[in-house]
Amino acid sequence: MRALLLALTCFASPLAAQCPTASDMETGIRLVDMEGTVETYEAFGANHIRGAWEEGSEVLSKFVLLKGIYLVEYFDVSDGNAITSSRRTHSYPLPPEKAPLPVAGGRWDTKVVTMDSEGVVSGTESYLFGDPTQVTLGGCSYDMIAVTAIYHDDDGYQETLHYLPELGFSYLSESKSKDAEPDRYVYVRIEAAN
């Protein structure tokens, strides 16, 4: 009887109830790293995720991800206003609904056109999709597919993203330039924004 009571108590614990689900994407889901920096992800139309990066109560940058993975817009923020000189937009050669979601062992090589304050540049990006696994953020576990994003620039810059299919977005896990040590990002909590 005590084992049954303990099992029921654990099943109904607040921790289990606090793990965000896809329905929380309507109002946003926050990731918190070891330094207290917060990233918020929110559904933005049928094919996009809107994001914000903040320290304390100050939003420092905002971004938009196609299919929750591919960066289509980024800009810095100061005193609540966009810094127009920091804005970068990226355009891919297909309708948004056709952009691929990660498939284990798959790959997407694509052309991209980038526009920023210095002009317009054409380039190539590659996305390599790993095998499905799981990741734990705080007390919450989610299915995860690692995505290696290669930007084919002179710096040899690439990123590792963790895509969460259940929530529909990816977050930056590691960034690295050629001949440099990688920067790693460790998140210790996930929560609904509301």
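Throughout what follows, the structure given in this document is the object of discussion. Here the structure is a predicted model, which means the values were calculated and not measured.

Parameters at a glance
Residues numbered from 1 in each chain as written. Predicted model: local features only at pLDDT ≥ 70, side-chain atom pairs only at ≥ 80, totals over all residues. Heavy atoms only, no water. Phe/Tyr/Trp six-rings, centres within 6.5 Å; stacked < 30°, edge-to-face > 60°. Helix = DSSP H or I, 4+ residues; strand = E, 2+ residues; numbered from the N terminus. Buried < 20%, exposed > 50% of the residue type's maximum accessible area, 1.4 Å probe, protein only. Lys NZ or Arg CZ within 6 Å of the ring centre and 35° of its normal. Core = buried A, V, L, I, M, F, W, Y, C linked by side-chain atoms within 4.5 Å. Contact = heavy atoms within 4.5 Å. Pairing = 2+ DSSP bridges. Polar contact = N/O pair within 3.5 Å; in protein donor to acceptor, adjacent residues only side chain to side chain. Patch = residues over 30% accessible without salt bridge, like charges linked within 9 Å, V, L, I, M, F, W, Y side chains within 5 Å. Areas by Shrake-Rupley, 256 points an atom, 1.4 Å probe, with all protein chains shown as cover. Salt bridge = Lys/Arg side-chain N within 4 Å of Asp/Glu carboxyl O. Lys, Arg positive; Asp, Glu negative; His and termini not counted. Charge placed at Lys NZ, Arg CZ, Asp CG, Glu CD.

**Digging into the packing of aromatic side chains**
So, point 1. Under the criterion given, the structure shown has nine aromatic pairs.
So, point 2. Ring centres of Tyr70 and Tyr127 lie 4.7 Å apart, and the angle between their planes is 80 degrees; this geometry places the pair in the edge-to-face category. Here Tyr127 lies in strand β9 (residues 119–137) and Tyr70 lies in strand β5 (residues 70–78), a separation of 57 residues in the sequence. Each member of the pair, Tyr70 together with Tyr127, is buried.
So, point 3. Judged by centre distance (6.0 Å) and plane angle (25 degrees), the rings of Trp108 and Tyr127 are stacked. Of this pair, Trp108 sits in strand β8 (residues 107–116) while Tyr127 is found in strand β9, placing the two residues 19 residues apart along the sequence.
So, point 4. Accessibility expressed as a relative area gives 13% for Trp108, which makes it buried.
So, point 5. Connected via pairs of aromatic rings, a cluster forms that spans Tyr70, Tyr92, Trp108 and Tyr127.
So, point 6. The positively charged end of Arg87 is found above the aromatic ring belonging to Phe75, 4.5 Å away from the centroid.

**Quick notes on unusual backbone geometry**
So, point 1. Even without being a glycine, Lys67 presents a positive backbone phi close to 55 degrees.
So, point 2. Phi at Asp179 is positive, roughly 60 degrees, even though this residue is not glycine.
So, point 3. By secondary structure assignment, the location of Asp179 is in the loop between β12 (169–176) and β13 (183–184).

**Brief notes about the nonpolar core**
So, point 1. Tyr41, Leu164, Phe169 and Tyr171 are the most contacted members of the largest nonpolar core, which totals 19 residues.
So, point 2. Where this core is concerned, the elements lending two or more residues are β1 (29–33), β4 (58–66), β9, β10 (140–150), β12 and β14 (187–192).
So, point 3. Those residues in contact with Tyr41 that lie beyond four places of it in its chain are Met25, Gly28, Ile29, Leu31, Ile49, Arg50, Phe63, Leu65, Phe169, Ser170 and Tyr171.
So, point 4. Counting 16 residues, the second largest nonpolar core, distinct from the first, contains Leu66, Trp108, Tyr127 and Ala149.

**Points about the environment of Ser122**
So, point 1. Considering the arrangement of structural elements, one finds Ser122 in strand β9.
So, point 2. When its relative accessible area of 61% is taken as the criterion, Ser122 is described as exposed.
So, point 3. Spatially, the C-alpha atom of Ser122 lies 7.2 Å from that of Lys111, the residues being 11 residues apart in sequence.
So, point 4. When neighbours within four sequence positions are excluded, Ser122 is seen to be in contact with Val112 and Val113.

**Some words on the pairing of strand β3 (residues 48–55)**
So, point 1. Sheet topology places strand β2 (residues 38–44) next to β3; seven bridges connect them, and they run antiparallel. The partner of Phe44 across the bridge, within β3, is His48.
So, point 2. The hairpin turn running from β2 into β3, its antiparallel successor, is three residues long, and Gly45 in that turn takes a positive phi close to 80 degrees.
So, point 3. Sheet topology places β3 next to β4; eight bridges connect them, and they run antiparallel. Among the inter-strand pairings, Ala52 is bridged to a residue of β4, identified as Lys62.
So, point 4. What sits between β3 and β4 in their antiparallel hairpin is a turn of two residues, with Gly56 showing a positive phi close to 60 degrees.

**Describing the side chain of Ser175**
So, point 1. Relative to the helices and strands, Ser175 resides in strand β12.
So, point 2. A distance of 2.9 Å separates a polar atom in the side chain of Ser175 from a polar atom in the side chain of Tyr185.
So, point 3. Ignoring anything within four residues of it in the chain, the contact list for Ser175 reads Tyr157, Gln158, Glu159, Pro182, Asp183 and Tyr185.

**Brief notes about a negative patch on the surface**
So, point 1. A cluster of like negative charges, contributed by Glu35, Glu55, Glu58 and Asp79, occupies part of the molecular surface.
So, point 2. Considering the arrangement of structural elements, one finds Glu55 in strand β3.

**What about the side chain of Ser86?**
So, point 1. Mapped onto the elements, Ser86 comes out in the loop between β6 (81–82) and β7 (88–91).
So, point 2. On the accessibility criterion, Ser86 (13% relative accessible area) is buried.
So, point 3. Polar side-chain contacts of Ser86 include one of 2.8 Å to the backbone nitrogen of Asp76.
So, point 4. Leave out the neighbours within four places in its chain, and Ser86 touches Tyr74, Phe75 and Asp76.

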